[in-house]
Structures are given as structure tokens and as C-alpha cells.
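Listed here are the chains, written in short residue letters.
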Amino acid sequence: MEEIISLKNITYSYFGKIPALKNINLSVNKGEIFSIIGHNGSGKSTLLSIINALIHPDSGEVLFKGKAITENSLRDKNFAIQLRQSMGFIFQNPDIQLFCPTVFDELMFAPLQLNIPYEAAVQRVEETLSYLSIGHLKERPPYMLSGGEKKRVAIASVLTMNPEILLVDEPLSGLDPKTQTFFIELLIELNRAGKTIIFTTHHLDLIDHLQPTVAVLSEGHTIRKTGSATEILSDEEFLISVNLIHEHIHKHGEEVHKHNHLHYVFHKH
Ligand code: ADP
Ligand code: MG
């Protein structure tokens with residue numbers, strides 16, 4: 001198996017004082033579907049930003065196909081371009097991602113950056129619009145889109161770049177159930193097509209559905225455990241200890257029942 005991303009002993013804090021990640025080690029293989037799970041504030045989004053070289057760690061090393069990503073190595077234009085073309089980041093909040101006057105321009109941006117000839121770029125954009133069922137939004141400015149539409153456009157703008165690795169921060173966040181299902185099916189399809197997918201979530205039902213390799217971040221911003229989806233989901237005590245499932249106390253008449261709820265089994269409380 002070919003290792004595509006590897007993190008060695010990464011530590012990061014914001015402004016040198018707000019700890020976000022501590023001694024993180026992980027390794028992602030080409031074609032793998034890999035998830036980073038943990039409760040709010042554990043460091044998931046920061047970890048994706050580090051992988052995408054949007055921020056650089058205080059210490060430790062990030063390797064992309066065996067080569068260290070550093071401010072220095074990114075000065076090598078070829079390496080920087082290869083890295084940028086290989087990774088597509090789908091942010092949790094699509095507002096951060098969309099900056100062009102129209103949806104069409106948004107989707108054209110990456111292919112034109114990649115120096116794809118105009119006609120071929122248009123064809124790629126048209127195919128993507130139709131694949132994501134957003135052709136009717138083509139001439140709209142991003143601010144005239146609903147949340148779910150914005151998300152589809154953000155996904156489309158990453159797909160027209162055709163990256164080898166997709167980084168997806170909280171794929172389900174802020175989406176209606178139909179768009180959630182659509183997005184999950186899309187991730188499965190893209191993974192089958194050979195894309196490496198690294199995503200974050202605190203929804204255990206998504207882990208159950210996608211069966212990724214899982215790294216669990218704790219409150220202390222360290223990785224508490226890495227394993228298969230089955231291994232992680234079957235350890236209820238551990239999931240309680242990292243705040244991914246919680247204990248409920250239910251009152252039935254005079255009796256008090258105390259039992260654990262798995263979010264992915266019991267949606268409704
Ligand atoms: P998660 O995505 O798991 O919710 P984050 O990576 O966003 O966690 O945050 C990890 C820690 O870093 C948290 O304590 C958070 O408050 C802090 N943090 C995140 N982004 C910033 C930022 N831009 N400035 C300062 N602190 C931040
Ligand atoms: Mg986050």
C-alpha cells in the first residue's frame with residue numbers, strides 16, 4: 001500500500017497559546033477513506049488545515065507522498081503546484097469557499113488555474129453541473145443560493161479541479177437529510193473511483209455507513225485510538241470516555257433507568 005499522507009508527531013497551537021493538536025501521528029494510504037472523529041474543539045478542523053498546508057505545525061512533520069511539506073519545500077514551485085492540485089478542501093462552511101461572481105465562474109476557476117484549455121474546461125464544468133444537478137444555478141451569484149445549494153456548488157468547485165485527495169470537514173453539517181444522503185453517496189462513489197478521502201465528523205452514524213479507518217481525537221488534542229470503524233464503534237466505554245456518546249438518565253414512573261445512547265442508533269431523544 002502506498003502511503004499518501006503521513007503526520008509525524010505534529011503539535012500545533014493558535015497564537016502559541018491555544019493548544020489545538022498534540023503529538024499527532026497518523027498515516028493515510030492512497031485510495032483509503034479515513035476519518036478524524038472527536039467532540040467539538042478536539043482539533044479536527046485544525047488537523048485538516050495542517051494536512052492541506054493552510055497552516056504549519058509548531059513541531060513535527062507532514063509528509064505528502066514521502067516528501068515533507070514545509071514553508072521551505074513549498075518554495076519549490078513544482079512541489080507547491082503538485083500539492084495544491086492533489087488536494088481539494090471542502091470546508092464545513094461553503095461561504096468561506098465561494099468567492100466568484102457566478103456559480104459558472106466558481107467551477108471554471110480551478111480548471112483555468114490548471115491551464116486546461118477554455119473549451120475543455122467548459123466541458124468539465126458542464127459535466128460537473130449536471131452530475132451534481134445544479135445546472136439551473138449556473139448564472140447565479142453564490143449569495144443567491146440556499147445552504148444546500150451552496151454546499152453542492154462548493155463540492156462542484158472542488159470536483160472540477162479533480163484532486164487525488166479530498167479533505168472534507170464535517171460533511172453533514174448544516175445540510176437537510178436529502179442533501180446529506182446525496183453527499184454521503186457521492187463520497188462513496190468518489191472513493192470507489194480511486195480518490196483518497198479524509199473527513200472529520202462527530203456523527204458516529206457516518207462512521208457506521210462509510211466504514212473508514214478512524215482516528216479518535218480527545219479533549220487533550222491527542223489521538224486516543226486509531227482503528228477500523230468496527231473496532232471503534234464496538235467500544236462503548238471508550239466512546240463515552242471521549243464524549244462521542246453520552247449517558248442518559250430516563251425516568252419511567254418512579255423507576256430511574258440509566259443507559260447509554262448510541263447517537264447512530266437512536267437519533268431521537
Ligand atoms: P474541531 O474542528 O474538532 O471542533 P478545531 O480544530 O476547530 O476543533 O479547534 C481546536 C482548538 O483550537 C479549539 O480549542 C478551538 O477553540 C481552537 N481554535 C480553532 N480555530 C481557532 C482560531 N482560528 N483561533 C484560535 N483558536 C482556534
Ligand atoms: Mg471543526
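To be clear, the structure that these remarks concern was listed above.
In this report, the structure presented in the accompanying data block is examined. (Residues numbered from 1 in each chain as written. Chains lettered and ligands numbered in written order. Predicted model: local features only at pLDDT ≥ 70, side-chain atom pairs only at ≥ 80, totals over all residues. Heavy atoms only, no water.)

1. Some points on the overall build of the protein chain
Applicable threshold: Strands are runs of DSSP state E lasting at least 2 residues, helices are runs of H or I lasting at least 4, and numbering of each runs from the N terminus. Both definitions apply: the radius of gyration is a C-alpha atom measure, and the globule rule equals 2.2 Å times residues to the power 0.38. Buried residues are those whose accessible area, probed at 1.4 Å on protein chains only, stays under 20% of the maximum for their type, while exposed residues exceed 50% and partly exposed ones sit between those limits. We call two residues contacting when some pair of their heavy atoms lies within 4.5 Å. Residue burial considers only the protein chains on display, and all accessible areas are found by Shrake-Rupley using a 1.4 Å probe. Working convention for charge: Lys and Arg count positive, Asp and Glu count negative, and His plus the chain ends are omitted. Taken as the charge location is NZ of Lys, CZ of Arg, CG of Asp or CD of Glu.
Scanning the protein chain from N- to C-terminus turns up ten helices and twelve strands. Here the C-alpha atoms of the protein chain give a radius of gyration of 20 Å, agreeing with the 18 Å that 2.2 N^0.38 yields for 269 residues. With the C-alpha coordinates of the protein chain rotated into their principal frame, the extents come out at 70 × 45 × 35 Å. For the protein chain, the proportion of its 269 residues judged to be buried stands at 50%. For the protein chain, the share of sequence-separated contacts (at least 6 apart) that also reach a separation of at least 24 residues comes to 61%. Split by element, the accessible area of the protein chain, about 13,300 Å² in all, is 51% carbon and sulfur. The protein chain carries 24 positive and 31 negative side-chain charges, and their two centres are separated by 4 Å.

2. Focus: the sheet that holds strand β5 (residues 67-68)
Stated precisely, the cut-off is as follows: If DSSP finds at least two bridges between two strands, the strands pair. All axes are obtained by fitting lines to C-alpha atoms, using only the stretch in contact for helices, and the reported angles, taken between N-to-C directions, cover 0 to 180 degrees.
If you walk across this open sheet you meet the four strands as β2-β1-β4-β5, and the pairing is antiparallel. In this open sheet, the two edge strands, each paired with only one partner strand, are β2 (18-29) and β5. Of the strand pairs in this sheet, strand β1 (residues 3-14) and strand β4 (residues 59-64) are connected by five bridges, and their pairing is antiparallel. Note on β4: the bridge partner recorded for Lys8 is Glu61. Most of the contacts of helix α1 (residues 44-51) go to β1, to which it runs at about 125°, and overall it touches β1, β2 and β4. Each of β4 and β5 touches helix α2 (residues 77-86); the most contacted strand, β4, lies at about 75° to it.

3. A short note on α1
In terms of burial, α1 is largely enclosed, as seven of its eight residues are buried. Looking only at α1, the buried set comprises Lys44, Thr46, Leu47, Leu48, Ser49, Ile50 and Ile51.

4. Examining unusual backbone geometry
Even without a glycine there, the phi angle at Asn9 is positive, about 55°. Overall, the relative accessible area of 41% leaves Asn9 in the partly exposed class.

5. Description of the packing of aromatic side chains
In this description, a pair of aromatic rings is defined by centroid distance and the angle of the planes. Threshold: Think of it this way: a Phe, Tyr or Trp ring, Trp meaning its six-membered ring, pairs with another when their centres are within 6.5 Å, and the plane angle makes it stacked under 30 degrees, edge-to-face over 60, tilted otherwise. Criterion for a charge above a ring: Arg CZ or Lys NZ at most 6 Å from the ring centre, at most 35 degrees from the ring normal.
Inspection of the entire model under this criterion finds four aromatic pairs. Taking 5.1 Å as the distance between ring centres and 85° as the angle between the ring planes, the aromatic pair formed by Phe99 and Phe109 counts as edge-to-face. Residue Phe99 is found in the loop between α3 (94-97) and α4 (103-113), and its partner Phe109 is found in helix α4; the two are separated by ten residues along the sequence. Its relative accessible area of 52% is what places Phe99 among the exposed residues. Using a relative accessible area of 36% as the deciding quantity, one classes Phe109 as partly exposed. Here the basic side chain of Arg152 rests over the ring of Phe182, its NZ or CZ set 3.9 Å away from the ring centre. Lying across the ring of Phe238, Lys225 places its NZ or CZ 4.7 Å from the centre.

6. Side note on the site of ligand 1
Counted only if it meets this: Here a residue is considered near a molecule or strand provided that any single heavy atom belonging to it is located within 4 Å of it. The definition of a polar contact used here is a pair of N or O atoms within 3.5 Å, where within protein one atom must be able to donate a hydrogen and the other to accept one, and adjacent residues in sequence count solely through side-chain atom pairs. Amino acids are sorted into nonpolar (Ala, Val, Leu, Ile, Met, Phe, Trp, Tyr, Cys and Pro), charged (Asp, Glu, Lys and Arg) and polar (every other residue, Gly among them).
Surrounding ligand 1, one finds 13 residues, the nearest of these being Gly41, Gly43, Lys44, Ser45 and Thr46. With respect to ligand 1, the backbone of Gly41 contributes an N or O atom lying 2.8 Å from an oxygen atom. Side-chain polar atom of Ser45 to an oxygen atom of ligand 1: 2.9 Å apart, as the coordinates give it. With the chains in place, 64% of the 550 Å² that ligand 1 exposes on its own is no longer accessible. Breaking the shell around ligand 1 down by element, the ones donating at least two residues are β2 and α1. Class assignment for the residues of the shell around ligand 1 results in five nonpolar, seven polar and one charged.

7. Quick word on the sheet that holds strand β7 (residues 165-168)
Strand order across the open sheet formed by six strands is β6-β7-β8-β3-β9-β10, with mixed pairing between neighbours. Two strands in the sheet have a free side with no partner beyond their single neighbour: β6 (87-90) and β10 (223-228). Pairs of neighbouring strands in the sheet enclose a mean axial angle of 15°, with direction left out of account.

8. Let's talk about the pairing of β10
Across five bridges, the pairing between strand β9 (residues 213-217) and β10 is antiparallel. Considered in β10, the bridge of Thr213 is made with Ser228. Linking two consecutive strands that pair antiparallel, namely β9 and β10, is a turn of five residues; a positive phi of about 65° is found at His221 within it.

9. Considering a nonpolar patch on the surface
Rule in force here: Each patch is assembled from residues with relative accessible area greater than 30% and no salt bridge, linking like charges that lie within 9 Å and nonpolar side chains (Val, Leu, Ile, Met, Phe, Trp, Tyr) that lie within 5 Å. Here, a salt bridge means any side-chain nitrogen of Lys or Arg that lies within 4 Å of a carboxyl oxygen of Asp or Glu.
Together, Tyr14, Phe15 and Ile18 give the surface a local cluster of nonpolar side chains, amounting to about 340 Å² of exposed area. On the secondary structure map, Ile18 appears in strand β2.

10. A word on the packing of helix α6 (residues 147-159) against helix α7 (residues 177-192)
Condition: Any angle from 65 to 115 degrees is called roughly perpendicular, while one under 35 is roughly parallel, one over 145 is roughly antiparallel, and all others are oblique. The crossing is said to be left-handed when, going from far helix to near helix, the turn is anticlockwise and less than a right angle, and right-handed when the turn is clockwise.
Taken N-terminus to C-terminus, the directions of α6 and α7 make an angle of 15°; their axes are 11 Å apart at the nearest point. Relative to α7, the element α6 lies roughly parallel. Judged by the twist between their axes, the crossing of α6 over α7 is left-handed. Between α6, through Gly148, Lys151, Arg152, Ile155 and Leu159, and α7, the contact on the second element is made entirely by Thr179, Phe182, Phe183, Leu186 and Leu190. Across the contact of α6 with α7, the residue classes break down as six nonpolar, two polar and two charged.

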